Amino acid sequence: MHSPLLQPCLQGVRDVADKCTFRSPVIDFVSIVTGKLHTKFNSEYWVAHDEPKPMLFLPAMDSLMSLKCDTFLEVGPQPHLVSMGRRCVPKEAQITWIPTFETGVKETASVRRACRSLNTPRPAPIQYKPTRFPWTKSVTPLLGSQDDGTVFKRTITTDLLELFADHTVSGK
């Protein structure tokens, strides 16, 4: 992300994002583009997110700390942001850092461990189906490949349902 190598893809990101309907988040959203709470999203925001320029990670971490966040879950192929985040907060801060994927650990085992680390109650599971992004042939590593038929299950608490209220999965 944020590499000059993404420059040729930015118009494709813009074209797809222009077709999206954006709404303000229902929970606080701290942006690494602005470094602070962000409420207005549009295609230009998402293009700016992928542009080859420095992201405002430290100011974003400061904003999260001012909101008294105490658990950070990184959804990404390697725990780079968890490592960076640890260096951005006071050592005495009581923070839980949860990487989703770890080098050398099978994806399913790593995701299960991350979900267990969230220590959430166990209501009915929600099934996710992988969705390809229109501008690429791959999907997020969290969901696997659409071709292999993999379906991941994750237990979501009622507290987390608000987070997902404005997301769609398999068109629903």
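Draft legend 1. Representation of the overall build of the chain in the model. Looking only at helices and strands, the chain has six helices and four strands in total. Put simply, the chain runs from its N terminus to its C terminus through helices and strands in the order α-α-α-β-α-β-α-β-β-α. A buried classification covers 28% of the 172 residues belonging to the chain. Contacts in the chain between residues far apart in sequence, at least 24 positions, make up 58% of those at least 6 positions apart. Of the accessible surface of the chain, which amounts to about 11,700 Å², a share of 57% is contributed by carbon and sulfur atoms.

Draft legend 2. How the structure looks around the pattern of salt bridges. Per the counting criterion, the structure on display carries three salt bridges. For R14, the salt bridge goes to E44, with nearest N and O atoms at 2.9 Å. With a gap of 30 residues between them, R14 in helix α1 (residues 10–18) and E44 in helix α2 (residues 43–50) connect regions that are remote in the sequence. A salt bridge links E51 to K53, with the shortest nitrogen-to-oxygen separation between them at 3.4 Å. Taking the relative accessible area as the measure of exposure, E51 reaches 26% and is therefore partly exposed.

Draft legend 3. Here's a closer look at the packing of aromatic side chains. Overall, the coordinates contain five aromatic pairs when judged by the stated rule. Ring centres of F41 and W46 lie 5.8 Å apart, and the angle between their planes is 15°; this geometry places the pair in the stacked category. Assessed through its relative accessible area of 30%, W46 is described here as partly exposed. Ring centres 4.8 Å apart and planes at 90° place the aromatic pair Y45 and W46 in the edge-to-face group.

Draft legend 4. A look at the side chain of S63. Of note, S63 is situated in helix α3 (residues 57–66). Polar contacts involving the side chain of S63 include one to the main-chain carbonyl oxygen of G35, which spans 2.7 Å. The contact partners of S63, leaving out residues within four places of it in the chain, are V30, G35 and K36.

Draft legend 5. Summary view of unusual backbone geometry. Here K68, not a glycine, exhibits a phi torsion of approximately 65°, which is positive. Tracing the backbone shows K68 in the loop between α3 and β1 (71–74). Note on K68: relative accessible area 69%, which makes it exposed.

Draft legend 6. Region of the structure containing the nonpolar core. Counting 11 residues, the largest nonpolar core consists of V30, F57, A60, M61, L64, F72, V82, C88, V89, I95 and W97. Considering every element that reaches this core, the biggest residue donor is α3, with four residues. Beyond its immediate chain neighbours, meaning those up to four positions away, A60 contacts V30, S31, I32 and G35. Formed by five residues, the second largest nonpolar core is a distinct cluster that contains V33, F41, Y45 and A48.

Draft legend 7. Looking closely at α2. Where burial is concerned, most of α2 is hidden: six out of the eight residues are buried. Three or more residues of α2 are buried, namely S43, Y45, V47, A48, H49 and D50. Turning to α2, the residues buried within the fold contact α1. Of the residues that open α2, the one with a side-chain oxygen 3.0 Å from the backbone nitrogen of E44 is N42.

About the thresholds
- Residues numbered from 1 in each chain as written.
- Predicted model: local features only at pLDDT ≥ 70, side-chain atom pairs only at ≥ 80, totals over all residues.
- Heavy atoms only, no water.
- Helix = DSSP H or I, 4+ residues; strand = E, 2+ residues; numbered from the N terminus.
- Buried < 20%, exposed > 50% of the residue type's maximum accessible area, 1.4 Å probe, protein only.
- Contact = heavy atoms within 4.5 Å.
- Areas by Shrake-Rupley, 256 points an atom, 1.4 Å probe, with all protein chains shown as cover.
- Salt bridge = Lys/Arg side-chain N within 4 Å of Asp/Glu carboxyl O.
- Phe/Tyr/Trp six-rings, centres within 6.5 Å; stacked < 30°, edge-to-face > 60°.
- Polar contact = N/O pair within 3.5 Å; in protein donor to acceptor, adjacent residues only side chain to side chain.
- Core = buried A, V, L, I, M, F, W, Y, C linked by side-chain atoms within 4.5 Å.

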